[in-house]
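# Descriptive analysis of the structure
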Amino acid sequence: MNGVALSVSRGIARVTETALGPYQTAVLRIGFGLTWLLFLLREFPHRHELYGPDGPWSWGLARRLTGDNGAFTALMWSDGRVWFEAVYALAVLSATLLVLGWRTRTLSVLFMAGVLSLQNRSVLVGDGGDNVLHLMSVYLVFTRCGRVWSLDARRARRVAAARERGERAGDRTGPVLWAVLGLVLAGATLSGRLVGHDVEWTVPALLWGMWLVQALWWAAGRRAGGGEPRVLLDVIGNVTHNAALLVIMAEACLIYATAGWYKVQGSRWQDGTAVYYPLRLDYFSPWPALADLLAASGTLVMLLTYGTVMAQVAFPFTLFNRRVKNVLLAVMMTEHAVIAVVLGLPFFSLAMIVADAVFLPTPFLRRLGGVVARGRWWRRPAAVPGGSGVPAQGTAEDAGAARVG
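For every chain, the first residue of the written sequence is number 1, and numbering continues from 1 onward in sequence order. Per-residue local features of the predicted model are confined to residues with pLDDT of at least 70, and side-chain atom pairs are confined, for both listing and counting, to 80 or more; whole-chain, interface and lining totals are unaffected and use all residues. Here the side-chain values reflect all heavy atoms present in the structure, with hydrogen atoms and water set aside.

### A closer look at the packing of helix H7 (residues 129–140) against helix H17 (residues 346–356)
Taken N-terminus to C-terminus, the directions of H7 and H17 make an angle of 40°; their axes are 8 Å apart at the nearest point. Here H17 runs oblique to H7, going by the angle between their axes. By crossing handedness, the relation of H7 to H17 is classed as left-handed. For the pair H7 and H17, the contacting residues are Gly 129, Val 132 and Met 136 in the first and Phe 348, Ala 351, Met 352 and Ala 355 in the second. Looking at the contact of H7 with H17 residue by residue, the classes come out as six nonpolar, one polar and no charged. Lines fitted to the C-alpha atoms define the axes, with helices restricted to the stretch that makes contact. Angles between their N-to-C directions range from 0 to 180 degrees. We count a stretch as a helix when DSSP gives it H or I for four or more residues in a row; a strand needs E for two or more, and each element gets its number in order from the N terminus. Our angle categories are set so that under 35 degrees counts as roughly parallel, over 145 as roughly antiparallel, 65 to 115 as roughly perpendicular, and the remainder as oblique. We call a crossing left-handed when the near helix sits turned anticlockwise from the far one by less than a right angle, and right-handed when that turn is clockwise. Should any heavy atoms of two residues lie within 4.5 Å, those residues are considered in contact. Polar here means any residue other than Ala, Val, Leu, Ile, Met, Phe, Trp, Tyr, Cys and Pro, which are nonpolar, and Asp, Glu, Lys and Arg, which are charged; Gly is therefore polar.

### Re helix H16 (residues 322–342)
For H16, built from 21 residues, the straight-helix expectation of 30 Å at 1.5 Å per residue is met to within 8% by its first-to-last C-alpha distance of 30 Å. Partly exposed describes any residue whose relative accessible area lies between the buried limit of under 20% and the exposed limit of over 50%, with all areas from a 1.4 Å probe on protein chains only and scaled to the type maximum. Here H16 has its buried residues at Lys 325, Leu 328, Leu 329, Met 332, Met 333, Glu 335, His 336, Ile 339 and Val 342. Positive backbone phi, approximately 70°, marks Gly 344, located one or two places after H16. Given the number of residues in a helix, its expected span is that number minus one, multiplied by 1.5 Å.

### Structural notes on the pattern of salt bridges
What makes a salt bridge here is a side-chain nitrogen of Lys or Arg within 4 Å of a carboxyl oxygen of Asp or Glu, nothing more. With the rule as written, the count across this model stands at seven salt bridges. With a shortest N-O distance of 3.4 Å, Arg 81 and Asp 54 are connected by a salt bridge. Here Arg 81, found in helix H5 (residues 81–100), pairs with Asp 54, found in the loop between helix H3 (47–50) and helix H4 (59–69); they are 27 residues apart in sequence, far enough to count as distant. By relative accessible area, Asp 54 is classed as partly exposed at 42%. Close ionic contact of Asp 271 with Arg 268 constitutes a salt bridge, the shortest N to O distance being 3.6 Å.

### Some details on the layout of surface pockets
Each pocket or cavity is described by its volume, and for the second largest pocket that value is around 740 Å³. Whether a set of points on the 1 Å grid over the protein atoms alone is a cavity depends on a 1.4 Å probe fitting there but being unable to get out, while an open set qualifies as a pocket with protein on both sides within 12 Å along at least five of seven lines; lining residues are those with an atom within 4 Å of a point. Forming the walls of the second largest pocket are 27 residues, and the residues nearest its centre are Val 275, Thr 308, Glu 335, Ile 339 and Leu 343. In terms of residue count, H16 provides more of the lining of the second largest pocket than any other element does, seven residues in total. The residue makeup of the lining of the second largest pocket, split by class, is 20 nonpolar, five polar and two charged. Grid points are joined across faces, edges and corners, and a volume is the space filled by probe spheres set on the points.

### Thoughts on the confidence of the model for the chain
Counting all residues, the mean pLDDT for the chain is 86, and 90% of those residues have values of 70 or more. Known as pLDDT, the predictor's confidence for each residue is given on a scale from 0 to 100. With pLDDT under 50 throughout, residues 377–405 is counted as low confidence; its partners more than four residues away or in other chains account for 83 contacts.

Printed below as a string of C-alpha coordinates:
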(Lines give C-alpha, C1' and ligand atoms only; values in the text may rest on other atoms or scores of the structure.)
Protein backbone atom coordinates (compact mmCIF):
# COMPACT_ATOMS: atom_id res chain seq x y z
CA MET A 1 0.00 0.00 0.00
CA ASN A 2 2.88 2.32 0.78
CA GLY A 3 4.31 1.62 -2.65
CA VAL A 4 1.03 2.58 -4.31
CA ALA A 5 0.80 5.79 -2.27
CA LEU A 6 4.39 6.63 -3.14
CA SER A 7 3.73 6.09 -6.85
CA VAL A 8 0.61 8.26 -6.69
CA SER A 9 2.46 11.04 -4.89
CA ARG A 10 5.25 10.92 -7.45
CA GLY A 11 2.74 11.08 -10.27
CA ILE A 12 0.98 14.07 -8.71
CA ALA A 13 4.31 15.81 -8.17
CA ARG A 14 5.32 15.21 -11.77
CA VAL A 15 2.04 16.55 -13.15
CA THR A 16 2.02 19.65 -10.93
CA GLU A 17 5.71 20.54 -10.93
CA THR A 18 6.53 20.00 -14.59
CA ALA A 19 5.03 20.92 -17.96
CA LEU A 20 5.40 17.55 -19.68
CA GLY A 21 6.29 17.13 -23.33
CA PRO A 22 7.93 20.54 -23.96
CA TYR A 23 9.42 19.36 -27.25
CA GLN A 24 6.19 17.75 -28.43
CA THR A 25 4.16 20.88 -27.74
CA ALA A 26 6.83 22.98 -29.44
CA VAL A 27 6.45 20.79 -32.53
CA LEU A 28 2.68 21.28 -32.38
CA ARG A 29 3.12 25.04 -32.11
CA ILE A 30 5.53 25.24 -35.01
CA GLY A 31 3.73 22.65 -37.13
CA PHE A 32 0.18 23.96 -36.87
CA GLY A 33 1.35 27.56 -37.11
CA LEU A 34 3.31 26.74 -40.26
CA THR A 35 0.42 24.76 -41.75
CA TRP A 36 -1.98 27.66 -41.31
CA LEU A 37 0.58 30.21 -42.51
CA LEU A 38 1.37 28.28 -45.70
CA PHE A 39 -2.33 27.85 -46.41
CA LEU A 40 -3.02 31.57 -46.00
CA LEU A 41 -0.08 32.51 -48.21
CA ARG A 42 -1.02 30.03 -50.92
CA GLU A 43 -4.62 31.23 -50.96
CA PHE A 44 -3.71 34.91 -50.69
CA PRO A 45 -4.70 35.68 -54.31
CA HIS A 46 -8.04 33.89 -53.74
CA ARG A 47 -8.77 35.14 -50.23
CA HIS A 48 -11.73 37.29 -51.30
CA GLU A 49 -13.43 34.31 -52.95
CA LEU A 50 -12.76 31.96 -50.05
CA TYR A 51 -13.49 34.11 -47.01
CA GLY A 52 -14.15 37.62 -48.26
CA PRO A 53 -16.88 39.68 -49.87
CA ASP A 54 -16.49 38.11 -53.34
CA GLY A 55 -17.20 34.54 -52.28
CA PRO A 56 -20.35 32.54 -53.14
CA TRP A 57 -20.97 32.18 -49.40
CA SER A 58 -21.97 35.80 -48.86
CA TRP A 59 -21.62 37.84 -45.70
CA GLY A 60 -25.40 37.72 -45.23
CA LEU A 61 -25.49 33.91 -45.43
CA ALA A 62 -22.57 33.66 -43.01
CA ARG A 63 -24.31 36.00 -40.59
CA ARG A 64 -27.47 33.90 -40.67
CA LEU A 65 -25.46 30.72 -40.02
CA THR A 66 -23.43 32.17 -37.14
CA GLY A 67 -26.64 33.58 -35.71
CA ASP A 68 -27.99 30.02 -35.55
CA ASN A 69 -24.91 28.18 -34.30
CA GLY A 70 -23.27 31.01 -32.31
CA ALA A 71 -19.84 30.39 -33.87
CA PHE A 72 -17.19 33.02 -33.21
CA THR A 73 -15.80 34.96 -36.17
CA ALA A 74 -14.44 38.49 -36.12
CA LEU A 75 -15.30 38.81 -39.81
CA MET A 76 -18.94 39.18 -38.80
CA TRP A 77 -18.14 42.40 -36.97
CA SER A 78 -18.13 44.29 -40.26
CA ASP A 79 -18.72 43.52 -43.95
CA GLY A 80 -16.17 46.08 -45.11
CA ARG A 81 -13.24 45.10 -47.32
CA VAL A 82 -10.75 46.98 -45.14
CA TRP A 83 -11.83 45.01 -42.06
CA PHE A 84 -11.49 41.74 -43.94
CA GLU A 85 -7.95 42.62 -45.03
CA ALA A 86 -7.06 43.55 -41.46
CA VAL A 87 -8.32 40.24 -40.07
CA TYR A 88 -6.55 38.26 -42.78
CA ALA A 89 -3.30 40.15 -42.16
CA LEU A 90 -3.63 39.54 -38.41
CA ALA A 91 -4.09 35.81 -39.07
CA VAL A 92 -0.89 35.75 -41.17
CA LEU A 93 1.05 37.76 -38.59
CA SER A 94 -0.13 35.70 -35.60
CA ALA A 95 0.77 32.43 -37.36
CA THR A 96 4.23 33.75 -38.20
CA LEU A 97 4.97 34.94 -34.67
CA LEU A 98 3.61 31.73 -33.17
CA VAL A 99 6.00 29.69 -35.30
CA LEU A 100 8.86 31.86 -34.04
CA GLY A 101 7.63 31.50 -30.46
CA TRP A 102 7.29 35.20 -29.66
CA ARG A 103 4.94 35.90 -26.70
CA THR A 104 3.42 32.47 -27.14
CA ARG A 105 0.70 32.87 -24.49
CA THR A 106 -0.72 35.90 -26.26
CA LEU A 107 -0.01 34.74 -29.80
CA SER A 108 -1.64 31.36 -29.25
CA VAL A 109 -4.88 33.20 -28.41
CA LEU A 110 -4.58 35.47 -31.44
CA PHE A 111 -3.75 32.44 -33.59
CA MET A 112 -6.92 30.73 -32.38
CA ALA A 113 -8.96 33.86 -33.07
CA GLY A 114 -7.58 34.04 -36.62
CA VAL A 115 -8.30 30.39 -37.36
CA LEU A 116 -11.84 30.55 -35.98
CA SER A 117 -12.61 33.86 -37.68
CA LEU A 118 -11.72 32.65 -41.17
CA GLN A 119 -12.95 29.07 -40.91
CA ASN A 120 -16.27 29.96 -39.30
CA ARG A 121 -16.81 32.63 -41.95
CA SER A 122 -16.94 30.00 -44.73
CA VAL A 123 -17.61 26.61 -43.20
CA LEU A 124 -17.89 24.86 -46.58
CA VAL A 125 -14.25 25.58 -47.46
CA GLY A 126 -11.80 22.90 -46.37
CA ASP A 127 -10.45 19.42 -47.01
CA GLY A 128 -10.57 17.82 -43.55
CA GLY A 129 -7.31 19.29 -42.34
CA ASP A 130 -9.19 22.45 -41.39
CA ASN A 131 -11.15 20.48 -38.78
CA VAL A 132 -7.94 19.26 -37.17
CA LEU A 133 -6.46 22.75 -37.21
CA HIS A 134 -9.70 24.18 -35.81
CA LEU A 135 -9.57 21.91 -32.75
CA MET A 136 -5.83 22.10 -32.19
CA SER A 137 -5.79 25.89 -32.31
CA VAL A 138 -8.09 25.87 -29.27
CA TYR A 139 -6.06 23.25 -27.41
CA LEU A 140 -2.78 25.11 -27.99
CA VAL A 141 -4.08 28.05 -25.96
CA PHE A 142 -3.91 25.90 -22.82
CA THR A 143 -0.38 24.59 -23.39
CA ARG A 144 2.96 26.09 -22.43
CA CYS A 145 4.25 25.57 -25.95
CA GLY A 146 7.03 28.16 -25.81
CA ARG A 147 9.28 26.44 -23.29
CA VAL A 148 11.80 25.31 -25.94
CA TRP A 149 12.64 26.21 -29.55
CA SER A 150 11.22 29.71 -29.26
CA LEU A 151 12.17 33.35 -28.92
CA ASP A 152 10.46 33.24 -25.54
CA ALA A 153 12.85 30.57 -24.31
CA ARG A 154 15.81 32.65 -25.44
CA ARG A 155 14.38 35.71 -23.71
CA ALA A 156 13.81 33.69 -20.54
CA ARG A 157 17.47 32.64 -20.51
CA ARG A 158 18.57 36.24 -20.87
CA VAL A 159 16.31 37.32 -18.02
CA ALA A 160 17.66 34.54 -15.79
CA ALA A 161 21.25 35.46 -16.66
CA ALA A 162 20.58 39.14 -15.90
CA ARG A 163 19.10 38.26 -12.50
CA GLU A 164 22.12 36.10 -11.69
CA ARG A 165 24.30 39.14 -12.34
CA GLY A 166 22.12 41.20 -10.00
CA GLU A 167 20.60 43.25 -12.80
CA ARG A 168 16.93 44.15 -13.03
CA ALA A 169 15.27 42.71 -16.10
CA GLY A 170 12.21 44.73 -17.09
CA ASP A 171 9.58 43.90 -19.67
CA ARG A 172 7.80 46.77 -21.38
CA THR A 173 6.49 44.91 -24.41
CA GLY A 174 4.30 42.51 -22.43
CA PRO A 175 2.30 45.13 -20.49
CA VAL A 176 1.85 47.28 -23.61
CA LEU A 177 0.59 44.31 -25.61
CA TRP A 178 -1.72 43.35 -22.77
CA ALA A 179 -3.15 46.88 -22.53
CA VAL A 180 -3.76 47.17 -26.28
CA LEU A 181 -5.54 43.83 -26.46
CA GLY A 182 -7.59 44.77 -23.40
CA LEU A 183 -8.81 47.90 -25.15
CA VAL A 184 -9.75 45.87 -28.22
CA LEU A 185 -11.68 43.35 -26.11
CA ALA A 186 -13.43 46.11 -24.19
CA GLY A 187 -14.43 47.91 -27.37
CA ALA A 188 -15.73 44.73 -29.00
CA THR A 189 -17.66 43.77 -25.86
CA LEU A 190 -19.24 47.19 -25.27
CA SER A 191 -20.28 47.45 -28.92
CA GLY A 192 -22.07 44.10 -28.68
CA ARG A 193 -19.92 42.41 -31.31
CA LEU A 194 -18.03 40.06 -29.00
CA VAL A 195 -20.91 39.24 -26.66
CA GLY A 196 -24.46 39.20 -27.96
CA HIS A 197 -27.59 37.12 -28.29
CA ASP A 198 -26.26 35.42 -31.43
CA VAL A 199 -22.73 34.71 -30.12
CA GLU A 200 -21.88 31.57 -28.16
CA TRP A 201 -20.22 32.53 -24.87
CA THR A 202 -17.29 30.06 -24.86
CA VAL A 203 -14.79 31.92 -27.04
CA PRO A 204 -15.48 35.40 -25.57
CA ALA A 205 -15.11 33.92 -22.07
CA LEU A 206 -11.83 32.30 -23.10
CA LEU A 207 -10.50 35.57 -24.54
CA TRP A 208 -11.34 37.53 -21.41
CA GLY A 209 -10.15 34.72 -19.16
CA MET A 210 -6.72 34.58 -20.80
CA TRP A 211 -6.46 38.36 -20.60
CA LEU A 212 -7.18 38.28 -16.85
CA VAL A 213 -4.77 35.38 -16.31
CA GLN A 214 -2.01 37.43 -17.91
CA ALA A 215 -2.73 40.23 -15.46
CA LEU A 216 -2.62 37.86 -12.48
CA TRP A 217 0.61 36.31 -13.71
CA TRP A 218 2.30 39.68 -14.10
CA ALA A 219 1.02 40.97 -10.74
CA ALA A 220 2.09 37.82 -8.88
CA GLY A 221 5.59 37.98 -10.27
CA ARG A 222 6.00 41.71 -9.70
CA ARG A 223 4.50 42.10 -6.23
CA ALA A 224 5.13 38.71 -4.65
CA GLY A 225 8.63 38.33 -6.02
CA GLY A 226 8.18 34.69 -6.95
CA GLY A 227 6.48 33.70 -3.69
CA GLU A 228 3.45 31.55 -3.05
CA PRO A 229 1.10 33.27 -5.56
CA ARG A 230 3.58 32.68 -8.38
CA VAL A 231 4.14 29.07 -7.30
CA LEU A 232 0.38 28.48 -7.23
CA LEU A 233 -0.06 29.98 -10.70
CA ASP A 234 2.84 27.89 -11.97
CA VAL A 235 1.22 24.72 -10.63
CA ILE A 236 -2.10 25.64 -12.26
CA GLY A 237 -0.28 26.34 -15.52
CA ASN A 238 1.47 22.96 -15.42
CA VAL A 239 -1.72 21.05 -14.66
CA THR A 240 -3.59 22.87 -17.43
CA HIS A 241 -0.77 22.24 -19.89
CA ASN A 242 -0.60 18.54 -19.07
CA ALA A 243 -4.37 18.17 -19.31
CA ALA A 244 -4.39 19.89 -22.71
CA LEU A 245 -1.56 17.65 -23.89
CA LEU A 246 -3.55 14.59 -22.85
CA VAL A 247 -6.61 15.90 -24.71
CA ILE A 248 -4.52 16.45 -27.87
CA MET A 249 -3.22 12.88 -27.71
CA ALA A 250 -6.73 11.53 -27.11
CA GLU A 251 -8.04 13.60 -30.02
CA ALA A 252 -5.44 12.16 -32.39
CA CYS A 253 -6.33 8.62 -31.28
CA LEU A 254 -10.04 9.36 -31.68
CA ILE A 255 -9.52 10.64 -35.23
CA TYR A 256 -7.77 7.44 -36.28
CA ALA A 257 -10.09 5.12 -34.38
CA THR A 258 -13.30 6.61 -35.79
CA ALA A 259 -11.84 6.81 -39.32
CA GLY A 260 -10.71 3.19 -39.17
CA TRP A 261 -13.94 1.75 -37.77
CA TYR A 262 -16.09 3.69 -40.24
CA LYS A 263 -13.93 2.34 -43.06
CA VAL A 264 -14.46 -1.20 -41.80
CA GLN A 265 -18.19 -0.78 -42.38
CA GLY A 266 -17.76 0.35 -46.01
CA SER A 267 -18.19 -2.24 -48.76
CA ARG A 268 -15.38 -0.81 -50.89
CA TRP A 269 -12.98 -1.02 -47.97
CA GLN A 270 -14.10 -4.56 -47.28
CA ASP A 271 -13.45 -5.77 -50.83
CA GLY A 272 -10.09 -3.94 -50.99
CA THR A 273 -10.88 -1.47 -53.81
CA ALA A 274 -11.53 1.80 -51.93
CA VAL A 275 -8.14 3.37 -52.70
CA TYR A 276 -8.70 2.86 -56.44
CA TYR A 277 -11.55 5.36 -56.79
CA PRO A 278 -9.93 8.59 -55.55
CA LEU A 279 -6.94 7.77 -57.77
CA ARG A 280 -9.27 7.95 -60.81
CA LEU A 281 -10.79 11.33 -59.91
CA ASP A 282 -9.33 14.27 -61.82
CA TYR A 283 -9.93 16.54 -58.83
CA PHE A 284 -7.56 14.44 -56.72
CA SER A 285 -4.95 13.77 -59.40
CA PRO A 286 -2.31 16.51 -59.54
CA TRP A 287 0.05 13.89 -61.02
CA PRO A 288 -2.14 11.76 -63.33
CA ALA A 289 0.74 9.54 -64.44
CA LEU A 290 1.60 8.66 -60.84
CA ALA A 291 -2.06 8.00 -59.98
CA ASP A 292 -2.41 5.77 -63.05
CA LEU A 293 0.70 3.82 -62.06
CA LEU A 294 -0.66 3.12 -58.59
CA ALA A 295 -4.16 2.30 -59.80
CA ALA A 296 -2.87 -0.12 -62.44
CA SER A 297 -1.81 -2.69 -59.86
CA GLY A 298 -4.75 -4.46 -58.23
CA THR A 299 -2.49 -6.07 -55.66
CA LEU A 300 -1.01 -2.73 -54.63
CA VAL A 301 -4.47 -1.17 -54.36
CA MET A 302 -5.65 -4.03 -52.16
CA LEU A 303 -2.59 -3.79 -49.90
CA LEU A 304 -2.98 -0.02 -49.53
CA THR A 305 -6.69 -0.34 -48.78
CA TYR A 306 -6.39 -3.03 -46.13
CA GLY A 307 -3.18 -1.56 -44.76
CA THR A 308 -4.81 1.81 -44.21
CA VAL A 309 -7.72 0.30 -42.29
CA MET A 310 -5.52 -1.91 -40.13
CA ALA A 311 -3.09 0.92 -39.32
CA GLN A 312 -5.86 3.33 -38.30
CA VAL A 313 -7.74 0.78 -36.18
CA ALA A 314 -4.57 -0.49 -34.50
CA PHE A 315 -2.88 2.84 -33.84
CA PRO A 316 -4.52 3.68 -30.45
CA PHE A 317 -3.63 0.22 -29.13
CA THR A 318 0.03 0.48 -30.12
CA LEU A 319 0.57 3.29 -27.60
CA PHE A 320 1.08 0.59 -24.95
CA ASN A 321 4.24 -0.61 -26.72
CA ARG A 322 6.80 2.07 -27.51
CA ARG A 323 8.63 0.21 -30.28
CA VAL A 324 5.49 -0.86 -32.12
CA LYS A 325 4.07 2.65 -31.70
CA ASN A 326 7.15 4.26 -33.26
CA VAL A 327 7.06 1.89 -36.25
CA LEU A 328 3.36 2.47 -36.89
CA LEU A 329 3.86 6.21 -36.37
CA ALA A 330 6.42 6.24 -39.17
CA VAL A 331 3.97 4.29 -41.35
CA MET A 332 1.15 6.78 -40.68
CA MET A 333 3.36 9.80 -41.41
CA THR A 334 4.56 8.19 -44.63
CA GLU A 335 0.97 7.48 -45.62
CA HIS A 336 0.01 11.13 -45.13
CA ALA A 337 3.05 12.25 -47.11
CA VAL A 338 1.94 9.99 -49.98
CA ILE A 339 -1.59 11.40 -49.77
CA ALA A 340 -0.17 14.92 -49.98
CA VAL A 341 1.68 14.12 -53.20
CA VAL A 342 -0.61 11.65 -54.95
CA LEU A 343 -4.01 13.12 -54.05
CA GLY A 344 -2.94 16.76 -53.85
CA LEU A 345 -3.98 17.34 -50.21
CA PRO A 346 -0.86 18.93 -48.72
CA PHE A 347 -2.43 20.87 -45.87
CA PHE A 348 -4.64 18.02 -44.69
CA SER A 349 -1.62 15.74 -44.70
CA LEU A 350 0.60 18.27 -42.97
CA ALA A 351 -1.99 18.85 -40.25
CA MET A 352 -2.24 15.12 -39.61
CA ILE A 353 1.54 14.66 -39.58
CA VAL A 354 1.84 17.44 -37.00
CA ALA A 355 -0.89 15.82 -34.89
CA ASP A 356 1.01 12.53 -35.09
CA ALA A 357 4.17 14.29 -33.91
CA VAL A 358 2.77 14.57 -30.37
CA PHE A 359 3.67 10.88 -29.99
CA LEU A 360 7.27 11.20 -31.17
CA PRO A 361 9.88 10.24 -28.54
CA THR A 362 11.65 13.08 -26.78
CA PRO A 363 15.23 11.89 -27.51
CA PHE A 364 14.46 11.90 -31.23
CA LEU A 365 13.02 15.42 -31.07
CA ARG A 366 16.01 16.69 -29.10
CA ARG A 367 18.41 15.26 -31.66
CA LEU A 368 16.31 16.74 -34.46
CA GLY A 369 16.30 20.12 -32.75
CA GLY A 370 20.06 19.96 -32.34
CA VAL A 371 20.50 19.26 -36.04
CA VAL A 372 18.18 22.10 -37.09
CA ALA A 373 19.36 24.69 -34.61
CA ARG A 374 23.06 23.66 -34.69
CA GLY A 375 23.42 25.12 -31.21
CA ARG A 376 23.04 28.73 -32.32
CA TRP A 377 19.48 29.69 -31.35
CA TRP A 378 18.42 27.40 -28.53
CA ARG A 379 20.20 25.65 -25.73
CA ARG A 380 18.97 22.19 -24.84
CA PRO A 381 17.77 22.11 -21.21
CA ALA A 382 19.04 19.60 -18.72
CA ALA A 383 16.96 16.45 -18.42
CA VAL A 384 15.39 15.14 -15.27
CA PRO A 385 16.67 11.80 -13.96
CA GLY A 386 15.45 8.99 -16.15
CA GLY A 387 16.19 10.67 -19.44
CA SER A 388 12.67 11.92 -20.11
CA GLY A 389 13.93 15.05 -21.76
CA VAL A 390 11.64 17.28 -19.68
CA PRO A 391 13.40 20.42 -18.45
CA ALA A 392 14.54 19.95 -14.89
CA GLN A 393 13.43 22.34 -12.18
CA GLY A 394 15.93 25.10 -11.74
CA THR A 395 17.12 25.32 -15.35
CA ALA A 396 17.22 28.61 -17.19
CA GLU A 397 13.99 27.74 -19.04
CA ASP A 398 12.13 27.11 -15.78
CA ALA A 399 13.65 30.13 -14.07
CA GLY A 400 12.34 32.45 -16.76
CA ALA A 401 9.22 30.55 -17.75
CA ALA A 402 7.03 32.78 -15.61
CA ARG A 403 7.89 35.70 -17.86
CA VAL A 404 7.36 33.88 -21.16
CA GLY A 405 4.50 35.31 -23.26
